[in-house]
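Chain by chain, the residues run as shown.
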Amino acid sequence: MVIHLHIAVFIAILLGCVVVSGAIAFFAGVSHRKKVAELQIGSAEQEAKRIVSEALKTAEAKKKESILEGKDEIHRLRNESEKELRERRAEVQRQERRIQQKEETLDKKLENLEKKEDAVAAKAKQIEEKLAETETIKKSQFDMLERISGFTADQAKDYLLKNLENELQHEKAVKIMDVEQQTKDESDKRAREIISLAIQRCAADHVSEAAVSVVPLPNDEMKGRIIGREGRNIRTLETLTGVDLIIDDTPETITLSSFEPVRREVARIALERLIADGRIHPTRIEEMVEKARREVDATIKAEGERAVIEAGVNGIHPELVKLLGRLRYRTSYGQNVLNHSLEVSYLAGVMASELGINPTLARRAGLLHDIGKALDHEIEGSHVEIGIDVARKYKESEAVIHAIQAHHGDVEPKTVVACLVQAADAISAARPGARRENLENYIKRLEKLEEISSSFPGVERSFAIQAGREVRIMVKPEIIKDDNMVLLARDICQKIEQSLDYPGQIKVNIIRESRAIDYAK
């Protein structure tokens, strides 16, 4: 028991020693770690102080460097500003000197101008004095002239102007007569030779052509078949051809009415074939109209090619050739336009050859001068305007275009070819039998011609003779003197040209007669 007690005490002492030694070791380790930690903390503080010190040194160095750079930049900017300021000051000084010089110059000019104004004012005063003196002298001279002549100033002026006007009028009339007579003597002879030769060499037919618009029928029963049930046949034919069919009481005839000759020709051919065939119904009408249209197109092309060959020109656009062929079915006052164009082409070519001008160009212009009439039923405008547009579209030369434009006098002809085409057109249209004219329009033109001639003062009577180719005018001898006759004839001609449309030319013949009658007793 005691042993166990001793063992227990020993163990307790041993455990106490272990505990004490462990505590001593623990406290010793803690003390050692504390020392190590303190040493590390001191080292870290030193390192931190060193880093802070180095950072402060670096920052101080950079601060100084930045301050130096800022000072350098400020110095540079200050230098540049001072330089720019010096330059601006120098420029301002130059401007000030220039302005000062200009002011000095302006002052000098102003001073000189004032001197000149003073001089001008002095001269103006002298001039006014001299004018007053001149007026006084002039008035005294006028008074003296009036006393000597017995006329006032206005009476003398009227007298002098009247005498001068009479002398000038006489000289003008004499000069005009001399020049006109000389020009007529030279030009008439040459013109007669050229035109007579051209007409002799142009063997054109003098037959007036009329457009056919009546289709004969074998019997009156055919009218009912052409009309058809409820009018379907005649409606189909009118719709397809664009032609009006007039069926009236006229026995065995049908009238075709259309402003467009090509449509009328298509309708005529189709209707004649339907009558000959006897089978008349809408389907058959369509077939016949189509065949007739193809036939007319072929005829148009053939006629155009024939005209080009006969005129002796080449290189004409195919569309223009077709338009020429369409003129085969176009008439003007009963004259076939294609034959008229060929005739104009021949005449212009012959006259061009006589004058030494290019005859091919003249024939080409003459052939195409009325080309606009092929389309004047389809396009608005005169045939001259349409012809110009068509010729320009198909690349005709400017000489040909100008001849088309001038052949009716719409513009002044500027080339010899244009004058030849104008003359040839007048010859072809004005020759006997070439054209038909409505009697009423013909009578109105003659009456208008006499009315224009009688509208001038001093005209006693006027007569239109030679079918309107000449107007004979009787004047009052006490009003119209010999010197005034030439001027009166020219004025009447100008008014006729402005007021009337006519082919060829009109001769104005003025007659002045003075008679003295007495009786011997």
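Only a predicted model underlies this, so the values are computations on that prediction, with no experimental measurement involved.

Scanning all chains against the criterion turns up 0 aromatic pairs. Between K495 and the ring centre of F456, over which it is positioned, the NZ or CZ distance is 5.5 Å.

Further remarks concern the sheet that holds strand 3 (residues 253–257). Strand order in the open sheet formed by 3 strands is 1-3-2, and the pairing between neighbours is antiparallel. Only two strands of the sheet have a single neighbouring strand rather than two, namely strand 1 (214–216) and strand 2 (244–246). With strand direction ignored, the average angle separating the axes of adjacent strands in the sheet is 30°.

We now examine a nonpolar patch on the surface. Together, L161, L164 and L168 give the surface a local cluster of nonpolar side chains, amounting to about 280 Å² of exposed area. Positionally, L161 belongs in helix 2 (residues 153–201).

Here 6 bridges tie strand 6 (residues 459–465) to strand 7 (residues 470–475), and the two strands are oriented antiparallel to one another. Within strand 7, the residue paired with I465 across the bridge is E470. As paired elements, strand 7 and strand 8 (residues 507–511) share 5 bridges and run parallel to each other. The partner of I473 across the bridge, within strand 8, is I510.

What follows deals with the sheet that holds strand 8. The strands making up a sheet associate through backbone hydrogen bonding, with each pair oriented either parallel or antiparallel. If you walk across this open sheet you meet the 3 strands as 6-7-8, and the pairing is mixed. Strands at the two margins of the open sheet, each flanked by one partner only, are strand 6 and strand 8. Strand-to-strand twist of the sheet, defined as the mean angle between neighbouring strand axes without regard to direction, takes the value 20°. Each of strand 6, strand 7 and strand 8 is contacted by helix 14 (residues 482–499), which is oriented at about 145° to strand 8, the strand it contacts most.

Conventions used here
Residues numbered from 1 in each chain as written. Predicted model: local features only at pLDDT ≥ 70, side-chain atom pairs only at ≥ 80, totals over all residues. Heavy atoms only, no water. Phe/Tyr/Trp six-rings, centres within 6.5 Å; stacked < 30°, edge-to-face > 60°. Lys NZ or Arg CZ within 6 Å of the ring centre and 35° of its normal. Pairing = 2+ DSSP bridges. Helix = DSSP H or I, 4+ residues; strand = E, 2+ residues; numbered from the N terminus. Axes fitted to C-alpha atoms, helices over the stretch in contact; angles between N-to-C directions. Patch = residues over 30% accessible without salt bridge, like charges linked within 9 Å, V, L, I, M, F, W, Y side chains within 5 Å. Areas by Shrake-Rupley, 256 points an atom, 1.4 Å probe, with all protein chains shown as cover. Salt bridge = Lys/Arg side-chain N within 4 Å of Asp/Glu carboxyl O. Contact = heavy atoms within 4.5 Å.

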